[in-house]
Amino acid sequence: MRRILPHPLLFLALLAMWLLLMQSLSPGQLLLGSLVAFGGCWVMVALDPPPVRMRRPQAAIRLAGRVFVDVFRSNVAVGRIILGDAERRTHSGFMSLRLDLTSSYGLAILAVVLTCTPGTQWVHYDPARRVLMLHVLDLVDEKEWVRIIKQRYEALLMEIFE
């Protein structure tokens, strides 16, 4: 079975996502979604990513909770900035910070977290120097942003993956 369908859980996840996006359980969508999911499974075989080793799954649950709370708070803060006076909109800028995190999976999750959180955008990462460039909508105190990223996200990601 693994020779035909190398990643059965990925196949099911991709098929479910396809059907949810198409909002249909018609035979045509089932067939098309199955073809897309089958192709996605074989793309993963070609990419051959290294296996994931999560050292502390409990930390992943804590990280998910933090991200949920931070995204909610950030949505409220960005709404205040956008709907507020012009003075509130003049503090955006770029910042750089050195990361201690080296796991490619941890860096990928950090990129998703920072990009999905309203008001922040992962701009560039230099793997040789391990320096992240980030755009922040409300960059009043750069040291506070460095503290937030390193303590709230990077520490947990290192606990999970390193």
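All residue numbers here refer to positions counted from 1 along the written sequence of the relevant chain. pLDDT decides what is reported in this predicted model: residues at 70 or higher carry local features, side-chain atom pairs at 80 or more are listed and counted, and totals for whole chains, interfaces and linings draw on all residues regardless. Hydrogen atoms and water are omitted, and side-chain values are computed over all heavy atoms in the structure.

**Q** Would you take a moment to explain a nonpolar patch on the surface for this structure?
**A** Residues I4, F38, W42 and V45 make up a contiguous nonpolar surface patch of roughly 350 Å² in combined accessible area. Mapped onto the secondary structure, I4 falls in the segment before helix 1 (8-22). Candidates for patches are residues over 30% relative accessible area with no salt bridge; among them, like charges are joined within 9 Å and nonpolar side chains (Val, Leu, Ile, Met, Phe, Trp, Tyr) within 5 Å. Method for areas: the Shrake-Rupley scheme with a 1.4 Å probe, in which residue coverage is limited to the protein chains shown. By definition here, a salt bridge exists when the distance from a side-chain nitrogen of Lys or Arg to a carboxyl oxygen of Asp or Glu is within 4 Å. Helical segments are the DSSP runs of H or I of at least four residues, strand segments are the runs of E of at least two, and each set is numbered from the N terminus.

**Q** Would you explain the confidence of the model for the protein chain in this entry?
**A** Do not read the predicted coordinates in detail wherever pLDDT is low. Summary of the metric used: pLDDT quantifies the predictor's per-residue confidence within the range 0 to 100. With 97% of its residues at a pLDDT of 70 or more, the protein chain has an overall mean of 91. Within the protein chain, the element-level pLDDT minimum falls on helix 3 (residues 57-83), averaging 91, and the maximum on helix 1, averaging 96.

**Q** In this structure, what is going on with the sheet that holds strand 3 (residues 131-136)? I would like to understand it.
**A** Each strand in a sheet pairs with another by means of backbone hydrogen bonds, the pair being arranged parallel or else antiparallel. Strand order in the open sheet made by the three strands is 1-3-2, with antiparallel pairing throughout. Lying at the two open borders of the sheet, with one neighbouring strand each, are strand 1 (93-98) and strand 2 (120-126). Strand-to-strand twist of the sheet, defined as the mean angle between neighbouring strand axes without regard to direction, takes the value 25 degrees. Pairing analysis gives six bridges linking strand 1 to strand 3, with the strands arranged antiparallel. Residue pairing for strand 3: L97 is matched across the bridge by L132. Two residues qualify as a contact provided that any one of their heavy atoms is within 4.5 Å of a heavy atom in the partner residue. Every angle, taken between N-to-C directions, lies between 0 and 180 degrees, and every axis is a line fitted to C-alpha atoms, over only the stretch in contact when it is a helix. Along the sheet face, helix 4 (residues 104-116) touches strand 2 and strand 3 and points at about 150 degrees away from the line of strand 2. Running over the sheet, helix 5 (residues 142-161) touches strand 1, strand 2 and strand 3 and is turned about 50 degrees from strand 1. At least two DSSP bridges between two strands are needed for those strands to be called paired.

**Q** Would you mind showing me how to read the environment of L97 here?
**A** By secondary structure assignment, the location of L97 is in strand 1. In sequence terms L97 and P49 are 48 residues apart; their C-alpha atoms lie 27 Å from each other. Sequence-distant contacts of L97, defined by excluding residues within four places in its chain, comprise R130, V131, L132, V146, I149 and K150.

**Q** Can you walk me through unusual backbone geometry in this structure?
**A** The general pattern is negative phi for most residues beyond glycine and trans for most peptide bonds. Even without glycine at this site, Q23 takes up a positive phi of about 50 degrees. Buried means the residue's accessible area, taken with a 1.4 Å probe over protein chains only, is under 20% of the maximum for its type, while exposed means over 50%, and partly exposed covers the values in between. You can call Q23 exposed: its relative accessible area is 73%.

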